Amino acid sequence: MKKKIIIGVFSLLILITAIAFIVGAINTYNYEVANDDIMVGLGAVMVLVVGGFVVFYELDLFYTVYYFFVKPKIIAKSILNIISNLTLLIIFFSDRIAHILYRSLNIFKEDWILPIILFFIYVILRIASAMVSYEQSAKEN
């Protein structure tokens, strides 16, 4: 029963988010067309890209929540799940973090570098999580 509730709640959340961003992109496009914008459609594409990132984060959050409520826990995999999810969340705030790091430590002058580094860290953590899971299943067999 717990599994069905988690799947239902996250499916509904992802569906609502996807519909909201699609409607937002359509409204943005219509606004750009009505106001004779030079780059018609660019705003709509940007809204869809942000919506794609939000849906991706919601899918990752679903995986993390599903793991903690349904799957058997492994300490290393639990830690990797939490850290990777937080890393993905920090990407949304990376502009402010890069600005603070540049003012304080004089690193990340270009604010687009930090999100890329954080995403690579996220991928590495997810790969490590999969490897821990694979090693654990190999030990059990």
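Residues numbered from 1 in each chain as written. Predicted model: local features only at pLDDT ≥ 70, side-chain atom pairs only at ≥ 80, totals over all residues. Heavy atoms only, no water.

Trainee: Sorry, what's going on with the overall build of the protein chain here?
Mentor: The secondary structure content of the protein chain amounts to five helices and zero strands. When the elements of the protein chain are put in sequence order from the N terminus, they spell out α-α-α-α-α. Here the C-alpha atoms of the protein chain give a radius of gyration of 19 Å, more than 25% beyond the 14 Å that 2.2 N^0.38 yields for 141 residues. Taken along the three principal axes of its C-alpha coordinates, the protein chain extends 65 × 45 × 20 Å. When contacts within the protein chain are restricted to residue pairs at least 6 apart in sequence, long-range pairs at least 24 apart make up 62% of them. Accessible area of the protein chain: about 9,900 Å², with a carbon and sulfur share of 73%. (Helix = DSSP H or I, 4+ residues; strand = E, 2+ residues; numbered from the N terminus. Rg over C-alpha atoms; globule rule 2.2 N^0.38 Å. Contact = heavy atoms within 4.5 Å. Areas by Shrake-Rupley, 256 points an atom, 1.4 Å probe, with all protein chains shown as cover.)

Trainee: Sorry if this is basic, but what is going on with the pattern of salt bridges here?
Mentor: Oppositely charged side chains are able to pair whenever their charged atoms sit close together. Following the criterion strictly, the structure yields one salt bridge and no others. Notably, a salt bridge pairs Asp60 with Arg126, separated by 2.8 Å at the nearest N-O pair. One end of the pair, Asp60, is in helix 2 (residues 42-69); the other, Arg126, is in helix 5 (residues 113-140), with 66 residues separating them in the sequence. Taking relative accessible area as the criterion, Asp60 reaches 6% and is therefore assigned buried. Relative accessible area serves as the criterion here: at 15%, Arg126 is assigned to the buried category. (Salt bridge = Lys/Arg side-chain N within 4 Å of Asp/Glu carboxyl O. Buried < 20%, exposed > 50% of the residue type's maximum accessible area, 1.4 Å probe, protein only.)

Trainee: Before we go on, may I ask you to explain the packing of aromatic side chains in this structure?
Mentor: The geometry of an aromatic ring pair is captured by two quantities: the separation of the ring centres and the angle between the planes. Using the criterion set out here, one finds six aromatic pairs in the structure. When the centroid spacing of 5.9 Å and the interplanar angle of 90 degrees are considered together, the rings of Tyr57 and Phe92 count as edge-to-face. Taken together, the residues span a long stretch of sequence, with Tyr57 in helix 2 and Phe92 in the loop between helix 3 (75-91) and helix 4 (94-105) at a distance of 35 residues. Relative accessible area serves as the criterion here: at 14%, Tyr57 is assigned to the buried category. Among the residues examined, Phe92 registers a relative accessible area of 42% and is labelled partly exposed. (Phe/Tyr/Trp six-rings, centres within 6.5 Å; stacked < 30°, edge-to-face > 60°.)

Trainee: Is there a simple way to think about the side chain of Asn81 in this case?
Mentor: The residue Asn81 is located in helix 3 in this model. Discounting chain neighbours no more than four positions away, the residues touching Asn81 are Tyr63, Thr64, Tyr67, Phe68, Arg126 and Ser129.

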